[in-house]
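Structural description and commentary
Each chain, written out:
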Amino acid sequence: MKCNICEFRCDIQDSKFGFCGMYENKNGQIVERFKNAYLFINPISIETQPMLHFFPNHKFLQLGSLGCNFKCEGCVSNVFVKHADVFKDALRILSAEEIVQKALKENCKGIVFGINEPTMQYFSLLDLAKKAKESKLLFGISTNLYYTKDALEELIKYLDFVNVGLKGYTQATYKKFCKALSSKPVFRNIVYLFRNNVYFEVSIPHVKGNEVELANAAKFLSKLSRQIPMQVMRFVPFDSASAELEPSISESEKLAEELKQYLDYVYLLNSPGTKHLHTTLDKFSIKRCFYGPMGAHIISTTGKPSHIIGNICKKDFEEDGFFGGYRLTRAIEMVVGILNALGVKDKKTITFVIGTILKDKNFLAFFHETQDGENTNLENYFDVVNLLAKISNTDPSKLINFYSEILEDVKQKRKNIEKKLKSYYVMGTPIFALNTHRFENKLASFAGLETIKLIKEGKPGVNITHEELITYNPDIVFISGFISCKEEDFYAYCQTHNINIHAGKTKKVFRLPFGWDFGTVEWIFGLMFIANAAYPHIYNFDIERKYYLFNNKSYTQANKSFYAHIV
Ligand code: SF4
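Residues numbered from 1 in each chain as written. Predicted model: local features only at pLDDT ≥ 70, side-chain atom pairs only at ≥ 80, totals over all residues. Heavy atoms only, no water.

Where we set the bar: UniProt positions are given in the numbering used here, feature names are shortened, and annotations may be inferred rather than shown by experiment.
You'll find the protein chain entered in an unreviewed UniProt entry as Radical SAM core domain-containing protein, with Desulfurella amilsii given as the organism. Of the protein chain, the UniProt comment under Cofactor (unreviewed entry) reads exactly: "[4Fe-4S] cluster".

Structural data, given as structure tokens:
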């Protein structure tokens, strides 16, 4: 029996599944594995999807489920895409009518399916899109657009908007990075959307070395219209992807600038502090800032240009805690990390815990509070560990004792600090300051450093001006291990923009190893790293030794793994 939903066109034997594992041949019929089943159902602002020219600032109900027909290395959603068996019991069944009612109750402008690939829920989404139309809700998807022409033809009758997630341009790239058969169907479908007046924006990753692919994709789009917005996703190595593939923000900015010779609206995502997220025309501007992986957030608007579809919502909508775009995928990864550190490795328990916390918004709200809350401190992380230990029926004492001993050691030693240094914690660029109460700043504060007091905050921080940075004049700077930049890029930016700060003159800018600050179980190493860097005469942690103890592996393995973090 042939499945004609996507261009793999699998031939599926009776009672077997196709290549994606999401469609089964049941008695001669192709049926969806998880019909009307969703892992995420939350209101978001449309810029976190991201859609940048479509009903700006409006609230949409975002849905996500499990599975994908592509196998891309480093995908932000791999935690849900690769591990459908782990998370399937956490799915919630909701009819199309129930989802529409929820969207209306939440005052959403429409419904959008993202996080995982919508091709995997084709029949459910057809029903839902029809119901959404009846209720005058907008309906859209974020997709790799690998649909067959027939499947897309049926779906576009109900589609108002699409974010097309390109992976590159050539057949070779699609084969190598996504295990797809060809790139041709995707570009054929783009033309089809265009000719049928379905509004779409295009996103495409900038991986080091694939610049020509982006230029060719931009040239292709420009033949349809220069006005098609292109979102360049600076590649951030999620999952098992190599860190070598990540371009610096300045490299991606240069590319975004070059692509403007083909397209009028080229934006740069995953790049805190960049000006390439703004739309600036003669009498009009929309200023946006970085808002977590793949997301943006409007900070100001002037006027309303003709190329924007729909009105700009004046009321600002901020998602709760970890919600909004792809941020929740990070939260779940962190929870799985804690469970692993507690010794939980079996799928059944992990599924049970994830299912429990996804249903319990209090847990996620509390977890977020420990990461970015005004009234929490490092010790509140123990509460998160204790809660997860309780749900998974494990003993947290070994992990908590490990943390506690080091925290106690820091507490004793910091009494010897005579004058606190002024610290500044950034993400990706010198002008993107992490929130005052975010976990990274809690680490710096615990180590005995003074931290910046921001008057406005964002997710995970805000752009500050050069003047504000010069006035603050930090003694020491830390660069986040996630969405990072090299120390030399920090110095170069300051030199180019005449930012003379004490930390620059004394060469006290330090980049945290990946995974050692925000929220992961290994934050304790970030604390020791910060302490050693700030006050080497007071702290002298043997981090390598501690890392070995933490992982409880043979010394050789620990060394290897340790250096993988710091190189
Ligand atoms: S959706 Fe695509 S990959 Fe999945 S079974 Fe159908 S043809 Fe195969």
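Back to the write-up after that little detour.
**Remarks on the overall build of the protein chain**
Filter applied, for reference: Helical segments are the DSSP runs of H or I of at least four residues, strand segments are the runs of E of at least two, and each set is numbered from the N terminus. Each radius of gyration is computed over the set of C-alpha atoms, and the globule rule expresses the reference value as 2.2 Å times the number of residues to the power 0.38. When accessible area is computed with a 1.4 Å probe and restricted to protein chains, residues below 20% of their type maximum are described as buried, those above 50% as exposed, and intermediate ones as partly exposed. By definition, residues are in contact when any of their heavy atoms lie within 4.5 Å. For the accessible areas, the method is Shrake-Rupley and the probe is 1.4 Å, while residue cover comes only from the protein chains on display. Working convention for charge: Lys and Arg count positive, Asp and Glu count negative, and His plus the chain ends are omitted. To locate a charge, take NZ of a lysine, CZ of an arginine, CG of an aspartate or CD of a glutamate.
Looking only at helices and strands, the protein chain has 21 helices and 20 strands in total. Taking 24 Å as the expected radius of gyration for a compact globule of 567 residues, we find that the protein chain reaches 24 Å, a close match to that expectation. Its C-alpha atoms give the protein chain principal-axis dimensions of about 70 × 60 × 45 Å. Scored against the burial criterion, the 567 residues of the protein chain give a buried share of 61%. For the protein chain, contacts bridging at least 24 residues in sequence account for 69% of all contacts bridging at least 6. In the structure as shown, the protein chain presents an accessible area of about 23,400 Å², 51% of it carried by carbon and sulfur atoms. The centroid of the 71 positive side-chain charges in the protein chain is displaced by 3 Å from the centroid of its 61 negative side-chain charges.

**Brief notes about the pairing of strand 14 (residues 284-290)**
Rules: When DSSP finds at least two bridges between two strands, those strands are taken to pair.
Burial of strand 14 is extensive: six of the seven residues sit out of reach of the surface. In this sheet, strand 14 lies alongside strand 13 (residues 279-281) in antiparallel orientation, the contact comprising three bridges. In the sheet register, Leu 281 faces strand 14, and the bridge partner there is Phe 284. In textbook terms, the turn of a hairpin is the stretch between consecutive antiparallel strands, and for strand 13 and strand 14 this stretch comprises two residues. Counting the residues in the hairpin turn of strand 14 and strand 15 (residues 296-302) gives five residues, including Gly 292, whose phi is positive at 90°.

**Topic: the pattern of salt bridges**
Going by this rule: The term salt bridge refers to a pairing of a side-chain nitrogen on Lys or Arg with a carboxyl oxygen on Asp or Glu at a separation within 4 Å.
Within the structure shown, the criterion is met by 14 salt bridges. Across the pair Glu 7 and Arg 188 runs a salt bridge, and its minimum N-O distance is 2.9 Å. Here Arg 188 lies in helix 7 (residues 184-195) and Glu 7 lies in the segment before strand 1 (23-26), a separation of 181 residues in the sequence. Judged by relative accessible area, Glu 7 falls into the buried class, the value being 13%. Given the relative accessible area of 30%, Arg 188 is considered partly exposed. Asp 409 is the salt-bridge partner of Lys 413, the closest N and O atoms lying 3.3 Å from each other. Residue Lys 413 and its partner Asp 409 are both found in helix 14 (residues 397-413); the two are separated by four residues, about one turn of the helix. A relative accessible area of 24% places Lys 413 in the partly exposed class.

**Points about the packing of helix 14 against helix 19 (residues 523-534)**
Formally: Note on geometry: axes are lines fitted to C-alpha atoms, helical ones only across the stretch in contact, with angles between N-to-C directions running from 0 to 180 degrees. Comment on the angle field: the value is read as roughly parallel under 35 degrees, roughly antiparallel over 145, roughly perpendicular from 65 to 115, and oblique elsewhere. Crossings are classed by handedness, with left-handed meaning an anticlockwise turn of the near helix from the far one by less than a right angle and right-handed meaning a clockwise turn. Each residue is assigned to one class: nonpolar for Ala, Val, Leu, Ile, Met, Phe, Trp, Tyr, Cys and Pro, charged for Asp, Glu, Lys and Arg, and polar for all the others, Gly among them.
Orientation of helix 14 relative to helix 19, taken along the N-to-C sense of each, is 15°, at an axis distance of 10 Å. Overall, the two elements helix 14 and helix 19 adopt an arrangement that is roughly parallel. In terms of crossing hand, the pair formed by helix 14 and helix 19 is left-handed. Residues Phe 402, Tyr 403, Ile 406, Leu 407 and Val 410 of helix 14 lie in contact with helix 19, whose contacting residues are Trp 523, Ile 524, Phe 525, Leu 527 and Met 528. Counted by class, the contact of helix 14 with helix 19 contains 10 nonpolar, no polar and no charged residues.

**Considerations on the sheet that holds strand 11 (residues 230-234)**
Hydrogen bonds between backbone atoms are what pair the strands of a sheet, whose relative direction is either parallel or antiparallel. Across the sheet, which stays open at both edges, the eight strands sit in the order 4-5-7-8-9-10-11-12 with mixed pairing between neighbours. The open sheet has two edge strands, strand 4 (40-45) and strand 12 (266-269), and neither has a second partner. Averaged over all pairs of adjacent strands, the angle between their axes in this sheet comes to 20°, without regard to strand direction. Note that strand 5 (residues 59-64) and strand 7 (residues 110-113) share four bridges and pair parallel.

**Observations concerning the domain arrangement of the protein chain**
You'll often see interface size given as the accessible area lost when the parts meet. Spelled out, the test is: Marked domain ranges trace back to an automatic or database domain assignment. Two parts lose some accessible area (1.4 Å probe) when they are put together, and adding that loss for both gives the buried area.
Domain assignment breaks the protein chain into domain 1 (23-325), domain 2 (328-399) and domain 3 (415-566). Relative placement of domain 1 and domain 3: their C-alpha centres are 32 Å apart. Of the residues lining the interface, 20 residues belong to domain 1; the matching set on domain 3 comes to 13 residues. For the pairing of domain 1 and domain 3, the buried interface totals around 1,200 Å² over both sides, and the portion due to carbon and sulfur atoms is 63%. The three residues of domain 1 that bury the most area against domain 3 are Pro 272, Gly 273 and Phe 290, which together make up 34% of that side's buried surface.

**With respect to the sheet that holds strand 14**
Pairing is antiparallel in the open sheet, where three strands are placed in the order 13-14-15. Strands with a single pairing partner mark the edges of an open sheet, and in this sheet they are strand 13 and strand 15. Neighbour to neighbour, the strand axes of the sheet diverge by 20° on average, direction disregarded. The sheet contact formed by strand 14 and strand 15 spans six bridges and is antiparallel. When the sheet's bridge partners are listed, Ile 286 is paired in strand 15 with Thr 301.

**Some details on the confidence of the model for the protein chain**
Stated formally: Here pLDDT means the predictor's own confidence in every residue, given as a number from 0 to 100.
The predicted model of the protein chain has a mean per-residue pLDDT of 88, with 93% of residues at 70 or higher. Across residues 553-567, where pLDDT falls below 50, the model places 20 contacts with residues more than four positions away in sequence or in other chains.

**Side note on the UniProt feature "coiled-coil region" (unreviewed entry) in the protein chain**
The positions that UniProt labels "coiled-coil region" (unreviewed entry) are, in the present scheme, residues 400-427. In residues 400-427, the share of helix is 50% and the share of strand is 14%. The end C-alpha atoms are 28 Å apart.

**So, the packing of aromatic side chains**
Where we set the bar: Working definition: a ring pair exists when centres of Phe, Tyr or Trp rings (six-membered ring for Trp) sit within 6.5 Å. Plane angles under 30 degrees give stacked, over 60 give edge-to-face, the rest tilted.
Scanning the entire structure with this criterion turns up 33 aromatic pairs. Residues Tyr 23 and Phe 123 carry aromatic rings whose centres are separated by 6.2 Å and whose planes lie at 85° to one another, so their mutual orientation is edge-to-face. You can see Tyr 23 sitting in strand 1 and its partner Phe 123 sitting in helix 4 (residues 122-134), a full 100 residues away along the chain. Taking the relative accessible area as the measure of exposure, Tyr 23 reaches 2% and is therefore buried. Note on Phe 54 and Phe 55: the rings are 5.0 Å apart at their centroids and 70° apart in plane angle, and the pair reads as edge-to-face. Each member of the pair, Phe 54 together with Phe 55, is buried.

**Observations concerning helix 3 (residues 96-105)**
Cut-off, in case you're wondering: This arc corresponds to the set of directions leading from the helix axis out to the C-beta atoms.
Listed in full, the buried residues belonging to helix 3 are Ala 96, Ile 99, Val 100 and Ala 103. Down the axis of helix 3, the sector holding all buried residues measures 100°, keeping them to one side. Tucked into the core, helix 3 has its buried residues touching strand 3 (37-38), strand 5, strand 7 and helix 4. Directly after helix 3, the chain includes Asn 107, whose backbone phi takes a positive value near 60°.

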